[in-house]
Amino acid sequence: MGIKFRPLQDRVVVRRIDEDEKTAGGIIIPDTAKEKPMQGEIVAIGSGRRDEKGELVPLDVKAGDLVLFGKWSGNEVMIDGEELLIMNESDIMGVIEGAKSKKKKKAA
């Protein structure tokens, strides 16, 4: 990323990751039939949220984590020509551990 973007509070910036273009049976899925991926790589995180006492609670995720999120989670934004999602940490369902980043979502 050429532009530096730092999300605020408990927000994270996520880059969608393409899922397989073939089914388990080997059928190739055309672009028109694909749904947007619901997994991605965390690009940047905010500083955390404040609890009732005003103390900073750090986020459970970090840049580079692969995560699963809901189909309608986050807001799509273009930053430095790349389509990214900005969402709250609470929109993330979980971290995929032991997996390496597949491939980046191609810009449309």
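Residues numbered from 1 in each chain as written. Predicted model: local features only at pLDDT ≥ 70, side-chain atom pairs only at ≥ 80, totals over all residues. Heavy atoms only, no water.

A. Local environment of unusual backbone geometry. Residues other than glycine seldom take positive phi values, yet Gln9 does so here, at roughly 50°. If you trace the backbone, Gln9 turns up in the segment before strand S1 (11-16). With a phi angle near 55°, Asp80 is a residue other than glycine that sits in the positive phi range. Position of Asp80 relative to the elements: it lies in the loop between strand S6 (75-79) and strand S7 (82-88). (Helix = DSSP H or I, 4+ residues; strand = E, 2+ residues; numbered from the N terminus.)

B. Seen up close, the sheet that holds strand S2 (residues 39-45). Reading across from one edge, S6-S7-S1-S2-S5-S8 is the order of the six strands in this open sheet, with antiparallel pairing throughout. At either margin of the open sheet sits one strand with a lone partner, and together these are S6 and strand S8 (92-96). Geometrically, the sheet is characterised by an average inter-axis angle of 45° between neighbouring strands, direction not taken into account. Alignment of S1 against S7, held across four bridges, turns out to be antiparallel. Each bridged residue has a counterpart across the sheet, and for Val13 the counterpart in S7 is Ile86. (Pairing = 2+ DSSP bridges. Axes fitted to C-alpha atoms, helices over the stretch in contact; angles between N-to-C directions.)

C. Inspection of the nonpolar core at higher detail. Formed by Val12, Val14, Ile42, Leu59, Val61, Val67, Phe69, Leu85, Met87 and Ile92, the largest nonpolar core amounts to 10 residues. Of all the secondary-structure elements, those providing two or more residues to this core are S1, strand S5 (66-69) and S7. Once residues lying within four places of it in the same chain are set aside, the contact partners of Leu85 are Val12, Val13, Val14, Arg16, Phe69, Ser73, Gly74, Asn75 and Glu76. Membership of the second largest hydrophobic core comes to five residues, among which are Val13, Ala44, Ile79 and Leu84. (Core = buried A, V, L, I, M, F, W, Y, C linked by side-chain atoms within 4.5 Å. Buried < 20%, exposed > 50% of the residue type's maximum accessible area, 1.4 Å probe, protein only. Contact = heavy atoms within 4.5 Å.)

D. Representation of the pattern of salt bridges in the model. With the rule as written, the count across this model stands at four salt bridges. Of the charged contacts in the structure, one is a salt bridge between Arg15 and Glu82, with a shortest N-O distance of 2.5 Å. Placement of Arg15 in strand S1 and of Glu82 in strand S7 is noted, with a sequence separation of 67 residues between them. Summarising the burial analysis for this pair, Arg15 and Glu82 share the class buried. Here Glu76 and Arg16 are joined by a salt bridge, their closest N and O atoms 3.3 Å apart. (Salt bridge = Lys/Arg side-chain N within 4 Å of Asp/Glu carboxyl O.)

E. The environment of Ile45, seen in detail. Relative to the assigned elements, Ile45 resides in strand S2. A relative accessible area of 29% places Ile45 in the partly exposed class. Sequence spacing of Ile45 and Gln9 is 36 residues, and the spatial spacing of their C-alpha atoms is 8.4 Å. With sequence-adjacent residues up to four places away left out, Ile45 is seen in contact with Pro7, Arg11, Val12, Leu59, Val61, Lys62 and Ala63.

F. Quick look at the side chain of Arg16. Note that Arg16 resides in strand S1. Within the structure, the side chain of Arg16 is placed 3.3 Å from the side chain of Glu76, a separation counted as a polar contact. (Polar contact = N/O pair within 3.5 Å; in protein donor to acceptor, adjacent residues only side chain to side chain.)

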